[in-house]
Amino acid sequence: MSTPHVVVVMGVAGTGKTTVGPLLAAALGVPYAEGDDFHPPANIAKMSAGTPLDDEDRRPWLDAIGSWAHGRAGRGGVVSSSALKREYRDRLRASAPDAVFLHLTGSRELIEQRMTGRKGHFMPTALLDSQFATLQPLEDDEAGVAVDVSGTPEEITRRAVAALRGLEDLPED
């Protein structure tokens, strides 16, 4: 399966965006961009200190991701971004109108367990509650799908590819 769409892999911290994103990109035959790499250093420092970002902090980050997605329009790509609020996704769509969203979902318990086990990431588990409090799931008028994060990364990726194929106007192999 290949797609001219840019797929934004979204969800709260710890859902596996950075793990599933590259696997999905490989399955789709398109490049992957790590959303965390678009954060300015001040955002990383703030999150590392356990302070959630506010909307003002997120704007330049979302604009940088949107710019990357815009540059991939018609050629496809996969990028990770928490994209927790509808307004954030709208901001991304303003730059990349054909973007589709893959919302990785899971129980708080499973996600906390995975976050506790990962090494070298700047996002502390203490911010997980603020992530869930901020989360606004995809709405019916938003192009995208939700996929549960239980199972292996490969299983999650297979479910994601199948769900994305189910979206209107995404081509089969």
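Given the structure is predicted, the values throughout are model-derived calculations rather than measurements.

(A) Geometry of the overall build of the protein chain. Regarding its fold elements, the protein chain presents 7 helices and 5 strands. Counting from the amino terminus, the protein chain carries its helices and strands in the arrangement β-α-β-α-α-β-α-β-α-α-β-α. Of the contacts formed within the protein chain by residues at least 6 apart in sequence, a portion of 75% connects residues at least 24 apart. Carbon and sulfur atoms provide 53% of the accessible area of the protein chain, an area that totals close to 8,000 Å².

(B) The nonpolar core, seen in detail. Residues Val8, Val12, Val79, Leu92 and Phe101 are the most contacted members of the largest nonpolar core, which totals 22 residues. Sorting the residues of this core by element identifies strand S1 (6–10), helix H3 (55–71), helix H4 (86–95) and helix H5 (108–117) as the ones contributing at least two each. The dominant element in this core, judged by the number of residues it contributes, is H3, at 4 residues. Among the nonpolar cores identified, the runner-up in size contains 19 residues, and Val7, Leu102, Leu104 and Val145 belong to it.

(C) Region of the structure containing the side chain of Asn43. Relative to the elements of secondary structure, Asn43 occurs in helix H2 (residues 41–48). Not counting chain neighbours up to four residues away, the residues in contact with Asn43 comprise Leu53, Asp57 and Trp61.

(D) Broad picture of the packing of helix H1 (residues 17–28) against helix H7 (residues 153–165). Put simply, H1 and H7 touch, their axes get as near as 9 Å, and they point 55° apart. Classified by the angle their axes make, H1 and H7 are oblique. H7 is crossed by H1, and the crossing has right-handed handedness. Note on element contacts: H7 touches H1 through Pro153, Glu154, Ile156, Thr157, Ala160, Val161 and Leu164, opposite Thr19, Val20, Leu23, Leu24 and Ala27. Across the contact of H1 with H7, the residue classes tally to 9 nonpolar, 2 polar and 1 charged.

(E) Main features of the pattern of salt bridges. Taken as a whole and judged by the stated rule, the model has 13 salt bridges. In this structure, Asp63 engages Arg91 in a salt bridge whose closest nitrogen and oxygen atoms are separated by 2.7 Å. Remark: Arg91 occurs in helix H4 and Asp63 occurs in helix H3; sequence separation between them is 28 residues. Between Asp90 and Arg93 there is a salt bridge whose closest N-O contact spans 2.5 Å. Here the residue Asp90 and the residue Arg93 both occupy positions in helix H4, the gap between them amounting to 3 residues, near one helical turn. Within this structure, Arg86, Arg89, Asp90, Arg93, Glu139, Asp141 and Glu142 form a network of salt bridges that share partners.

(F) Structural view of the sheet that holds strand S3 (residues 77–80). Read from one edge of the open sheet, 5 strands run S2-S3-S1-S4-S5, paired in parallel fashion. Lying at the two open borders of the sheet, with one neighbouring strand each, are strand S2 (32–33) and strand S5 (144–148). With 4 bridges joining them, S1 and S3 adopt parallel strand pairing. By the bridge assignment, Val7 is partnered in S3 with Val78.

(G) Geometry of the side chain of Arg58. You can see Arg58 is positioned in helix H3. At 3.0 Å, the side chain of Arg58 forms a polar contact with the side chain of Tyr88. Non-local contacts of Arg58, meaning those with residues more than four positions away in its chain, are made with Leu53 and Tyr88.

About the criteria used
Residues numbered from 1 in each chain as written. Predicted model: local features only at pLDDT ≥ 70, side-chain atom pairs only at ≥ 80, totals over all residues. Heavy atoms only, no water. Helix = DSSP H or I, 4+ residues; strand = E, 2+ residues; numbered from the N terminus. Contact = heavy atoms within 4.5 Å. Areas by Shrake-Rupley, 256 points an atom, 1.4 Å probe, with all protein chains shown as cover. Core = buried A, V, L, I, M, F, W, Y, C linked by side-chain atoms within 4.5 Å. Buried < 20%, exposed > 50% of the residue type's maximum accessible area, 1.4 Å probe, protein only. Axes fitted to C-alpha atoms, helices over the stretch in contact; angles between N-to-C directions. Parallel < 35°, antiparallel > 145°, perpendicular 65-115°, else oblique. Left-handed = near helix turned anticlockwise from the far one by under 90°. Nonpolar A, V, L, I, M, F, W, Y, C, P; charged D, E, K, R; others polar. Salt bridge = Lys/Arg side-chain N within 4 Å of Asp/Glu carboxyl O. Pairing = 2+ DSSP bridges. Polar contact = N/O pair within 3.5 Å; in protein donor to acceptor, adjacent residues only side chain to side chain.

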